[in-house]
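Below, each chain spelled out in residue letters.
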Amino acid sequence: FLKLSIILSMIKKEYIFLEDLIIGTIEMMNGNSQAKNLKVSYEINDRIRFFADRNMLNIILINLMTNAIKYSHNDGRVKIVVSTIPNFIKFSIIDNGVGIEAERLDKLFKINEKTSTPGTDNEKGTGLGLILCKEFVEKHGGKIGVESKLGKGSNFWFLLPTEESTPKSQEF
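Before going into details, it helps to say that this report is about the structure given with it. (Residues numbered from 1 in each chain as written. Predicted model: local features only at pLDDT ≥ 70, side-chain atom pairs only at ≥ 80, totals over all residues. Heavy atoms only, no water.)

## A few points about the packing of aromatic side chains
Within the structure shown, the criterion is met by three aromatic pairs. With 4.9 Å between their ring centres and 50 degrees between their planes, Tyr 15 and Phe 51 make a pair best called tilted. Of this pair, Tyr 15 sits in strand β1 (residues 13-17) while Phe 51 sits in strand β3 (residues 49-53), and the two are 36 residues apart along the sequence. Relative accessible area serves as the criterion here: at 37%, Tyr 15 is assigned to the partly exposed category. Judged by relative accessible area, which is 31%, Phe 51 ranks as partly exposed. Stacked on the ring of Tyr 15, the Lys or Arg Arg 49 has its end atom at 3.9 Å from the ring centre. Taking the ring centre of Trp 157 as reference, the NZ or CZ of Lys 90 above it sits at 5.8 Å. (Phe/Tyr/Trp six-rings, centres within 6.5 Å; stacked < 30°, edge-to-face > 60°. Helix = DSSP H or I, 4+ residues; strand = E, 2+ residues; numbered from the N terminus. Buried < 20%, exposed > 50% of the residue type's maximum accessible area, 1.4 Å probe, protein only. Lys NZ or Arg CZ within 6 Å of the ring centre and 35° of its normal.)

Structure, rendered in structure tokens:
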């Protein structure tokens, strides 16, 4: 956790075109999604330019995409939706995979809970990816959550504040 603390203290924000980042994530995950013959798509409002740490945002998206692919059945669907809502950009990674039991949902982002389960092709995980996502989202002043139905799929979402809603420090 010392390394994570160091990484979190080194946040480097820059302007990012979100569509380019989403396309890059999908392309990076292409081999994994093709192995399961998944239909991967994205939907984004306009050409959103956003102020964030590119590496952290990339890690969040890769982790959530990896999970969506891991828990999807062959020939399934994964979709990334990016939208603007007042004061926030909302990212949703939606799949039609196995879903998650209701009693496990509140444990997913807690470090002291064992939540990792094998994927549909028996893929393994550490259970730390969602913890890392939560840390990175919160470092940006945002919030992360999930909606899921067992046997129907999941929607992992996170909200990041827009530049206008981020408190600015002032010196006098």
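## Quick look at the nonpolar core
Judged by nonpolar contacts, the single largest core of 37 residues is most densely connected at Leu 18, Leu 57, Val 82, Phe 91, Ile 93 and Phe 158. Ranked by residues supplied to this core, first place goes to helix α4 (residues 54-70) with eight residues. Sequence-distant contacts of Phe 91, that is, excluding residues within four places in its chain, are made with Leu 18, Leu 57, Leu 61, Val 81, Val 82, Phe 156, Trp 157, Phe 158 and Leu 160. (Core = buried A, V, L, I, M, F, W, Y, C linked by side-chain atoms within 4.5 Å. Contact = heavy atoms within 4.5 Å.)

## Description of the side chain of His 140
Note on placement: His 140 falls in the loop between α6 (129-139) and β6 (143-149). At 3.0 Å, the side chain of His 140 and the backbone nitrogen of Asp 53 are in polar contact. Apart from the residues within four sequence positions on either side, His 140 is in contact with Ile 11, Lys 13, Ala 52, Asp 53, Met 56, Leu 160 and Pro 161. (Polar contact = N/O pair within 3.5 Å; in protein donor to acceptor, adjacent residues only side chain to side chain.)

## Digging into the side chain of Ser 148
Mapped onto the elements of the fold, Ser 148 is located in strand β6. Note on Ser 148: relative accessible area 17%, which makes it buried. At 2.8 Å, the side chain of Ser 148 forms a polar contact with the backbone nitrogen of Ile 100. For Ser 148, the side chain forms a polar contact with the main-chain oxygen of Gly 153, separated by 3.0 Å. Contacts of Ser 148, omitting those with residues within four sequence positions, involve Gly 99, Ile 100, Leu 105, Gly 153 and Ser 154.

## Structural notes on the packing of helix α2 (residues 18-28) against α4
One way to put it is that α2 packs onto α4 with a least axis distance of 10 Å and a crossing angle of 45 degrees. Viewed along their axes, α2 and α4 adopt a mutual orientation that is oblique. For the pair α2 and α4, the crossing hand works out as right-handed. From α2, Leu 18, Leu 21, Ile 22, Thr 25 and Met 28 reach across to α4, where they touch Arg 54, Leu 57, Asn 58, Leu 61, Ile 62 and Met 65. (Axes fitted to C-alpha atoms, helices over the stretch in contact; angles between N-to-C directions. Parallel < 35°, antiparallel > 145°, perpendicular 65-115°, else oblique. Left-handed = near helix turned anticlockwise from the far one by under 90°.)

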